[in-house]
Amino acid sequence: MQGEGYQGAYDSVQRFVKQWKASHAKPSVKEAFIPLVFAPGDACQFDWSQEHVEIDGVNQTIKVAHFRLAHSRQMFVAAYPRETQEMVFDAHNRAFAFFGGVPQRLIYDNLKTVVDAILVGKDRQFNRRFMALANHYLFEPVACTPASGWEKGQVENQVGNVREWLFTPMARFKSFDALNEWLTTRCRELAGRAHPAQAPRTIAECFAQEVPSLRPITSRFDGYVEQMMRVSNTCLVRVDRNRYSVPATYAGKVVSVRLCAHQVRIAADSQLIAQHGRRFGRDQLICDPWHYLSVLEKKPGALRNGAPFQDWDLPQPIRVVRDRILKQPKGDRAFVELLLVSRDVGLEPLQVACELVLDGGVITAAVVMNELRRLTAASPPTPLSLPDQLRLQVEPMADCSRYDDLRGGQYVH
């Protein structure tokens, strides 16, 4: 511009454009809406919010799933560490259990965990796994028009109210379970407020009238997200930057890892082979020592320094006996043999055997094994009681000459 002879500055142009837009702007028209009415059991609105809480002394940013029955205004909220699909499934299971049934429709934003593609108009390509949830509970999913939050205005308003009512000041709890239990209680208490459209009736009274219109729940949806993974040579699979153990017989094989909101389940050969409580930190090692017992049988020395065995929560008598046996020659192999027996009979007989050995004062693997075998030995069979008709009346006489008859009467000298 200055090359063409303009002597002004860039901010001068900005001021002129701003004044021109203000003078030529069309008068604003306030958008109008139509009041909506929902029949009992017709619709439920869903949304996520982000809140700040203190869990076990650590400040965290969490996700809160919001449900609101459109007729009665009954709400339900549940807190999660993330906004993933398995959390969506768990939230629906909790909400339907709380409501005591399932509405005909659920209204959503275009969440990535719900909608794969936005088509023309109201058409949507819903996620296949999410449709499994919808088909299980027999509800119709409805996605809002993009950037049209008023289509589920009730739950949009609920997000702001819940933040003020329940998360201000910051909520502090020991665990997510304790937080969710408190949230469920507060949802019931807040239902004592007056219904905004049916005063003087309360939300709880309207909800009680709506419950019979909800579809009964026949069974809970198994809300997991499945991934196929190969087990490492250290018998581990990696999930969200954490590692979980798998039985050693599956090392190097492909298994199905099923992520739930609170569990990691691992399946192979059409059966469940491992199950762990889910962790949400990073670089954590979650091991079941029993998964490594077959490896320990070949490498008993790993009992002393193997990571799965460092924090093994064994009963106190077993820990005491273990520490004493490991100090003895070839004690690691001897204790592994005790564990191999316990794998089949359980830890309780081994605990009792260790208690007996500690009382006796002679602590060796052989003595423990003797007590363990005695405790787990099969009981003798119960003697049969025969009726008199079946009892032997005349006992046969011993006659060794019958063997000679079999040889044709010939004697061998």
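What counts, and where the lines are drawn
Residues numbered from 1 in each chain as written. Predicted model: local features only at pLDDT ≥ 70, side-chain atom pairs only at ≥ 80, totals over all residues. Heavy atoms only, no water. Core = buried A, V, L, I, M, F, W, Y, C linked by side-chain atoms within 4.5 Å. Buried < 20%, exposed > 50% of the residue type's maximum accessible area, 1.4 Å probe, protein only. Helix = DSSP H or I, 4+ residues; strand = E, 2+ residues; numbered from the N terminus. Contact = heavy atoms within 4.5 Å. Pairing = 2+ DSSP bridges. Axes fitted to C-alpha atoms, helices over the stretch in contact; angles between N-to-C directions. Phe/Tyr/Trp six-rings, centres within 6.5 Å; stacked < 30°, edge-to-face > 60°. Lys NZ or Arg CZ within 6 Å of the ring centre and 35° of its normal. Patch = residues over 30% accessible without salt bridge, like charges linked within 9 Å, V, L, I, M, F, W, Y side chains within 5 Å. Areas by Shrake-Rupley, 256 points an atom, 1.4 Å probe, with all protein chains shown as cover. Salt bridge = Lys/Arg side-chain N within 4 Å of Asp/Glu carboxyl O. Parallel < 35°, antiparallel > 145°, perpendicular 65-115°, else oblique. Left-handed = near helix turned anticlockwise from the far one by under 90°. Nonpolar A, V, L, I, M, F, W, Y, C, P; charged D, E, K, R; others polar. Lys, Arg positive; Asp, Glu negative; His and termini not counted. Polar contact = N/O pair within 3.5 Å; in protein donor to acceptor, adjacent residues only side chain to side chain.

**So, the nonpolar core**
Within the largest apolar cluster, 51 residues are counted, with the highest numbers of intra-cluster contacts made by Phe67, Phe99, Phe139 and Phe167. Among the secondary structure elements, those contributing two or more residues to this core are strand E1 (43-55), strand E2 (58-69), strand E3 (75-80), helix H2 (85-99), strand E4 (105-108), helix H3 (128-137), helix H4 (153-166) and helix H5 (176-190). At 8 residues, H2 tops the list of elements feeding residues into this core. Leave out the neighbours within four places in its chain, and phenylalanine 139 touches His92, Phe96, Val102, Pro103, Gln104, Leu106, Tyr108, Phe130, Leu133, Ala134 and Arg215.

**Here we look at the sheet that holds strand E9 (residues 225-230)**
Pairing is antiparallel in the open sheet, where 4 strands are placed in the order E9-E12-E13-E14. Either end of the sheet is taken by a strand with one partner, and the two such strands are E9 and strand E14 (271-277). Neighbour-to-neighbour, the strand axes of the sheet open up by a mean angle of 25°, direction not taken into account. The sheet contact formed by strand E12 (residues 254-259) and strand E13 (residues 263-268) spans 4 bridges and is antiparallel. Residue pairing across strands places arginine 258 opposite arginine 265, the latter belonging to E13.

**Things to note about the packing of aromatic side chains**
One pass over the structure, following the stated rule, counts 17 aromatic pairs. For the ring pair tryptophan 290 and tryptophan 312, a centre distance of 5.3 Å and an interplane angle of 90° mean the geometry is edge-to-face. Of this pair, tryptophan 290 sits in the loop between strand E15 (285-286) and helix H7 (293-298) while tryptophan 312 is found in the loop between helix H9 (307-310) and helix H10 (316-326), placing the two residues 22 residues apart along the sequence. Against the face of tyrosine 224 rests arginine 129, its NZ or CZ located 4.5 Å from the ring centre. The ring of tyrosine 250 carries lysine 253 above its face, with NZ or CZ at 5.5 Å from the centroid.

**Points about a nonpolar patch on the surface**
Together, Val13, Phe16, Val17 and Trp20 make up a nonpolar patch on the protein surface, roughly 390 Å² of accessible area in all. Looking at where valine 17 falls in the secondary structure, it is placed in helix H1 (residues 10-24). Overall, the relative accessible area of 35% leaves valine 17 in the partly exposed class.

**Thoughts on the packing of helix H11 (residues 331-345) against helix H13 (residues 365-376)**
The packing of two helices is summarised by the inter-axis angle and the distance between the axes. Between H11 and H13, the shortest axis-to-axis distance is 10 Å and the interhelical angle comes to 15°. Of the possible angle classes, the one that applies to H11 and H13 is roughly parallel. Here H11 and H13 pass one another in a crossing that is left-handed. For the pair H11 and H13, contact is made by Ala334, Glu337, Leu338, Val341, Ser342 and Val345 and by Ala365, Val368, Met369, Leu372, Arg373 and Thr376, respectively. Its residues assigned to classes, the contact of H11 with H13 shows 8 nonpolar, 2 polar and 2 charged.

**Overview of the pairing of E13**
Judged by how many residues are buried, E13 sits mostly within the fold: 5 of 6 residues are covered. Once E12 ends, the chain turns through 3 residues before running back antiparallel as E13. Taken together, the 6 bridges between E13 and E14 define a ladder with antiparallel strand orientation. Within the sheet, the bridge partner assigned to alanine 268 lies in E14 and is glutamine 271.

**What to know about the side chain of arginine 68**
Examined against the element boundaries, arginine 68 turns out to sit in strand E2. It is glutamate 210 that comes nearest to the buried, bridge-free arginine 68 among opposite-charge side chains, at 9.9 Å. Within the local environment of arginine 68, its side chain forms a polar contact with the side chain of glutamine 154, the two groups lying 3.5 Å apart. For arginine 68, the contacting residues outside a window of four places in its chain are Ala43, Cys44, Gln45, Arg73, Gln74, Met75, Gln154, Val155 and Gln158.

Worth remembering: the numbers are spatial, not functional.
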